[in-house]
Amino acid sequence: MPLLSTLRQVLPVLCAVAFTFTAAPAFAQSGPAPAKPPEQQKPAAADAQNANKESQKKIDEIAEASQALTGPAGNPECVWLGRRVVSLLWRDDLDTAFRHLDLYDRFGCPSAHIQATFRCLVRQGNIDPKQQESLNGRVHACWLDPGMEPAPAAAAAQPPAAPATGTTPR
């Protein structure tokens, strides 16, 4: 019996000591994060510069469209919304495209320009993922000139390889 009463007194002390040693590292990790060294701060500045360049590029594209197009199709809000509508149509996001198209119409923008731009985009064919050209670039080009002729396909210029003689494809 004396051993049992001694164990009752020692066991809580041992548990408290064990908890103290295991919990200390966990509490130490949840403290405030150390300041980032300057090497890790540079990518954030580079990302901000890239964002500024992208923003400036978009502004320049809208200004280019405003100069190239006459009438409401060249208005900045029409250019921005119209290009988004065409891009969304290309990606088969019809619900979002129709919501944007409602806004496009509300601003008094010409719906015929959307149709002509989308027709131009479809006539250009699929975008090759190996090429530098992006969907936004092609939409912008078609927005500026909806009558643009499709570029000749390089694959269509090469005849298909003839099968070897004596074999039949199955």
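The structure contained in this document is the topic of the report that follows. The shown structure was predicted, so the numbers you read here are calculated from the model rather than taken from an experiment.

Here the focus is the state of the cysteines. With the rule as written, the count across this model stands at two disulfides. A sulfur-sulfur separation of 1.8 Å characterises the disulfide bridge that pairs cysteine 78 with cysteine 109. The S-S bond linking cysteine 78 to cysteine 109 shows a torsion near -80 degrees; that makes this disulfide left-handed. Of the two residues, cysteine 78 sits in helix α3 (residues 76-90) while cysteine 109 sits in the loop between α4 (94-106) and α5 (111-124), which places them 31 residues apart along the sequence. Note on accessibility: cysteine 78 and cysteine 109 belong to one class, buried. One disulfide bridge connects cysteine 120 with cysteine 142, the sulfur atoms lying 2.2 Å from each other.

A few words now on the nonpolar core. One recurring pattern in soluble globular proteins is that nonpolar side chains are buried together. One finds Val79, Val86, Tyr104, Ile114, Leu121, Val139 and Trp143 to be the most contacted residues of the largest nonpolar core, which totals 19 residues. Those residues in contact with valine 86, other than ones at most four positions away along the chain, are Ile114, Thr117, Phe118, Leu121 and Val139.

Time to look at the packing of aromatic side chains. In the structure shown here, the tally under the stated rule is one aromatic pair. For the pair tyrosine 104 and tryptophan 143, a centre-to-centre distance of 6.4 Å together with 85 degrees between the ring planes defines the contact as edge-to-face. Here tyrosine 104, found in helix α4, pairs with tryptophan 143, found in helix α6 (residues 135-144); they are 39 residues apart in sequence, far enough to count as distant. The exposure classification of tyrosine 104 matches that of tryptophan 143, with both residues buried.

This brings us to the packing of α5 against α6. Axis separation between α5 and α6 bottoms out at 9 Å; the angle between their running directions is 125 degrees. When the axes of α5 and α6 are compared, the pair comes out oblique. Classified by chirality, the crossing of α6 by α5 is right-handed. On α6, the residues touching His113, Ile114, Thr117, Cys120, Leu121 and Gln124 of α5 are Leu135, Arg138, Val139, Cys142 and Trp143. Of the residues belonging to the contact of α5 with α6, the class tally is seven nonpolar, three polar and one charged.

We now examine unusual backbone geometry. In the Ramachandran plot, aspartate 92 falls in the positive-phi region, its phi being about 60 degrees despite a non-glycine side chain. When you line up the elements, aspartate 92 lands in the loop between α3 and α4. We classify aspartate 92 as exposed; its relative accessible area is 63%.

Time to look at the environment of leucine 89. With respect to the helices and strands, the residue leucine 89 is situated in helix α3. Sequence separation between leucine 89 and phenylalanine 118 is 29 residues, and the spatial gap between their C-alpha atoms is 7.9 Å. Beyond its immediate chain neighbours, meaning those up to four positions away, leucine 89 contacts Leu94, Ala97 and Phe118.

Time to look at the packing of α3 against α5. Relative orientation of the contacting elements α3 and α5 amounts to 45 degrees, with a least axis distance of 10 Å. One element, α3, and the other, α5, form an angle in the oblique class. In the crossing of α3 with α5, the sense of the turn from one axis to the other is right-handed. Contacts between α3 and α5 involve Gly82, Val85, Val86, Leu89 and Trp90 from the former and Ile114, Thr117, Phe118, Leu121 and Val122 from the latter. Residue composition of the contact of α3 with α5, by class: eight nonpolar, two polar and no charged.

Over its 14 residues, α5 extends 20 Å from the first C-alpha to the last, a length consistent with the 20 Å expected when each residue adds 1.5 Å. Residues His113, Ile114, Thr117, Cys120, Leu121 and Gln124 constitute the buried set of α5. Buried positions in α5, seen along its axis, are confined to an arc of 130 degrees and lie on one side of it. Backbone geometry just after α5 places glycine 125 at a positive phi near 90 degrees.

Parameters and conventions
- Residues numbered from 1 in each chain as written.
- Predicted model: local features only at pLDDT ≥ 70, side-chain atom pairs only at ≥ 80, totals over all residues.
- Heavy atoms only, no water.
- Disulfide = S-S within 2.5 Å.
- Helix = DSSP H or I, 4+ residues; strand = E, 2+ residues; numbered from the N terminus.
- Buried < 20%, exposed > 50% of the residue type's maximum accessible area, 1.4 Å probe, protein only.
- Core = buried A, V, L, I, M, F, W, Y, C linked by side-chain atoms within 4.5 Å.
- Contact = heavy atoms within 4.5 Å.
- Phe/Tyr/Trp six-rings, centres within 6.5 Å; stacked < 30°, edge-to-face > 60°.
- Axes fitted to C-alpha atoms, helices over the stretch in contact; angles between N-to-C directions.
- Parallel < 35°, antiparallel > 145°, perpendicular 65-115°, else oblique.
- Left-handed = near helix turned anticlockwise from the far one by under 90°.
- Nonpolar A, V, L, I, M, F, W, Y, C, P; charged D, E, K, R; others polar.
- Expected span 1.5 Å × (residues − 1).
- Arc of directions from axis to C-beta.

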